[in-house]
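If you want the building blocks of each chain, they are given just below.
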Amino acid sequence: MTGQEPPSNPHGDDGQNPPDTGQGMTAVSYLLGGMLVWGGIGWLVDHYVGTKGIFAGIGAVVGIAGGVYLIVRRLGA
Amino acid sequence: MIGQSTVLAAEFPPSVEDFYLPSILPWGAHDSYWFTKITLLVWVAVALIIIFFLVSYRKPQLVPTKKQWLAESLYGFVRNNIAVEMIGARGVAFAPYLTTLFCFILLNNLFSIVPLIQISPNSHIAFPAILAVISYVMFIYVGIRHHGGFFKYMKAALIPPAPWFILPLLIPIEFFSNFMVRPFSLAVRLFANMFAGHMLLLVFTLGGFAMVSANVWFTPFSIVSWIMTIALTFLEFLVIVLQAYVFTVLTASYVQGALADEH
């Protein structure tokens, strides 16, 4: 197999696609990352202001929205 | 046999302690983990890989021998199906590292189902963590070199194509998912799979002994439990190969991300 030339056009074939593990993981990490980062920032705000979780909730939702937006921009067509 | 089974059964249910094997050097010392079976296995893996590839490539034949064929298949598989497939033509430059990574993880994982060895160094978080750190440092270095400077790379990696007013929302997410989740998830995925696999086999093996020593009438259940161990060993083989592949593919995909230009 080493003697064989590497495929010159790896993505241009109409055969089976490679398992895009990388993309799947990126998408998942954007979603989780969005929730954790902004949820975490919201939690810190809660802690500082003295509220009981309203900012963490808002942050998580905003973060998810950001994550979805990122997936669309980075991984979408 | 009875003595052995009571000793084993005494340890049921298995715990994290079962991953800390007795010290080899100094022999039998308590709470000394500098040289245990785990350490030995890592060095054996390193030696086996080096010797295997040296021997198979010492006198390369045009019509390959069996060993040469195996070595070439391994390298060819990683180069064509992982490096070039994920990174593109530039991937050939990363094929040696990816092949080494793949072989090392595969062999270390394989120790968890080889009879009488049956524990993988990768079931200790330290080894996957170091491998993840190597891949992490490498893809950042590659990114910096490709983009010509730390800040240029950060700009490419952190600033998505989006209107300026959402950027403050997106940049922390990008930073978190690109530079904090990646090494963590690489390490934890491999570690957790190997840890859980070893735990699973321990539960079914030791559970069989525990049932036998609890009541002789439980023997049939013990036998079912041991048959399950064998079945799960085959499942483990699947996990082993898959995790070695996933680690390598993800490393390649991170390198690809670092080499990507603006889209």
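Residues numbered from 1 in each chain as written. Chains lettered and ligands numbered in written order. Predicted model: local features only at pLDDT ≥ 70, side-chain atom pairs only at ≥ 80, totals over all residues.

1. Observations regarding the overall build of chain A
Step number 1: Tallying secondary structure elements over chain A gives two helices and zero strands in all.
Step number 2: With 77 residues in all, chain A has 27% of them scored as buried.
Step number 3: A separation of at least 24 residues holds for 56% of the contacts in chain A among residues at least 6 apart in sequence. (Helix = DSSP H or I, 4+ residues; strand = E, 2+ residues; numbered from the N terminus. Buried ≥ 20, exposed ≤ 12 C-beta atoms within 10 Å, placed from the backbone. Contact = placed C-beta atoms within 7 Å.)

2. Some details on the overall build of chain B
Step number 1: If you tally the helices and strands in chain B, you get eight helices and zero strands.
Step number 2: Its C-alpha atoms give chain B principal-axis dimensions of roughly 70 × 55 × 40 Å.
Step number 3: Residues classed as buried in chain B amount to 36% of the 263 residues present.
Step number 4: Summarising the internal contacts of chain B: among those between residues at least 6 apart in sequence, 62% fall at separations of at least 24.

3. Some thoughts on unusual backbone geometry
Residue and element names in this part refer to chain B.
Step number 1: The omega angle of the peptide bond from L25 to P26 is -5 degrees, so this bond is cis rather than trans.
Step number 2: Tracing the chain through its elements places P26 in the loop between α1 (2-10) and α2 (37-56).
Step number 3: One non-glycine residue, L116, lies in positive phi territory at about 75 degrees.
Step number 4: By secondary structure assignment, the location of L116 is in the loop between α4 (95-110) and α5 (126-147).
Step number 5: Although it is not a glycine, Q118 sits at a positive phi angle of roughly 50 degrees.
Step number 6: On the secondary structure map, Q118 appears in the loop between α4 and α5.

4. Looking at the environment of B:I134
Step number 1: Following the sequence through the fold, B:I134 ends up in helix α5.
Step number 2: The spacing of B:I134 and B:N122 is twelve residues in sequence and 15 Å in space, taken between C-alpha atoms.

5. Brief notes about the nonpolar core
Step number 1: Membership of the largest hydrophobic core comes to 46 residues, with the highest contact counts inside it found for B:V78, B:A83, B:L98, B:I105, B:A252 and B:V255.
Step number 2: Elements that contribute at least two residues to this core include exactly α2, α3 (66-87), α4, α5, α7 (167-214) and α8 (219-259) of chain B.
Step number 3: Counting residues in hydrophobic clusters, the runner-up holds 13 residues, among them A:Y30, A:M35, A:F55 and A:A60. (Core = buried A, V, L, I, M, F, W, Y, C linked by C-beta atoms within 7 Å.)

6. Description of the packing of α5(B) against α7(B)
Between two packed helices, the angle of one axis relative to the other and the distance separating the axes together describe the packing.
All names here are of chain B.
Step number 1: For the pair α5 and α7, interaxial distance at closest approach is 8 Å and the crossing angle is 145 degrees. Considering only the axes of α5 and α7, their crossing is right-handed. For the pair formed by α5 and α7, the contact residues are P128, A129, A132, V133, S135 and Y136 on the first element and R182, P183, L186, A187, L190 and F191 on the second.
Step number 2: In the contact of α5 with α7, the residues fall into ten nonpolar, one polar and one charged. (Axes fitted to C-alpha atoms, helices over the stretch in contact; angles between N-to-C directions. Left-handed = near helix turned anticlockwise from the far one by under 90°. Nonpolar A, V, L, I, M, F, W, Y, C, P; charged D, E, K, R; others polar.)

7. Thoughts on the interface of chain B and chain A
Step number 1: With 29 residues of chain B at the contact, the number on the chain A side is 24 residues.
Step number 2: For the side of chain B that touches chain A, the element with the highest residue contribution is α3(B), accounting for ten residues.
Step number 3: Across the side of chain B that touches chain A, the residue classes break down as 18 nonpolar, seven polar and four charged.

8. Quick look at the packing of α5(B) against helix α6 (residues 150-158) of chain B
All names here are of chain B.
Step number 1: The N-to-C vectors of α5 and α6 enclose an angle of 105 degrees; their axes lie 7 Å apart at closest approach. The angle between the axes of α5 and α6 places the two elements in the roughly perpendicular class. In this structure, α5 uses G143, I144 and H147 to contact α6, whose residues at the interface are F150, K152, Y153, A156 and A157.
Step number 2: Classifying every residue of the contact of α5 with α6 gives five nonpolar, two polar and one charged. (Parallel < 35°, antiparallel > 145°, perpendicular 65-115°, else oblique.)

9. Comments concerning the environment of B:T248
Residues and elements named next belong to chain B.
Step number 1: Position of T248 relative to the elements: it lies in helix α8.
Step number 2: Owing to 27 C-beta atoms within 10 Å, T248 belongs among the buried residues under this scheme.
Step number 3: As for T248 and A89, which are separated by 159 residues in sequence, their C-alpha atoms are 17 Å apart.
Step number 4: Beyond its immediate chain neighbours, meaning those up to four positions away, T248 contacts V78, I82, L98, L101 and F102.

10. Observations regarding helix α2 (residues 54-75) of chain A
All names here are of chain A.
Step number 1: Taking 1.5 Å of rise per residue, 22 residues should cover 32 Å, and α2 covers 31 Å from first to last C-alpha, within 8% of that figure.
Step number 2: When α2 is considered as a whole, its buried residues turn out to be F55, A56, G59, A60, G63, G66, G67 and L70. Mapping the buried residues of α2 onto a view down its axis gives an arc of 130 degrees, with all of them on the same face. (Expected span 1.5 Å × (residues − 1). Arc of directions from axis to C-beta.)

11. A few points about the environment of B:H198
Residue and element names in this part refer to chain B.
Step number 1: For H198, the position within the fold is in helix α7.
Step number 2: Given 21 C-beta atoms within 10 Å, H198 falls into the buried group.
Step number 3: A C-alpha to C-alpha distance of 34 Å links H198 and F175, two positions 23 residues apart in sequence.

12. Examining the confidence of the model for chain B
Residues and elements named next belong to chain B.
Step number 1: Per-residue confidence for chain B gives a mean pLDDT of 89, with 95% of residues at or over 70.
Step number 2: pLDDT under 50 marks residues 1-9. Its contacts with residues more than four places away, or in other chains, come to ten contacts.
Step number 3: As a predicted assembly, this complex carries a pTM of 0.86 together with an ipTM value of 0.75. (pLDDT = per-residue confidence, 0-100.)

13. Examining α2(B)
All names here are of chain B.
Step number 1: Over its 20 residues, α2 extends 28 Å from the first C-alpha to the last, a length consistent with the 28 Å expected when each residue adds 1.5 Å.
Step number 2: Within α2, burial applies to I38, L41, A45 and S56. Buried positions in α2, seen along its axis, are confined to an arc of 50 degrees and lie on one side of it. Looking at α2, the residues exposed on the side facing more than 90 degrees away from the buried face are W43, A47, I50, I51, L54 and V55.

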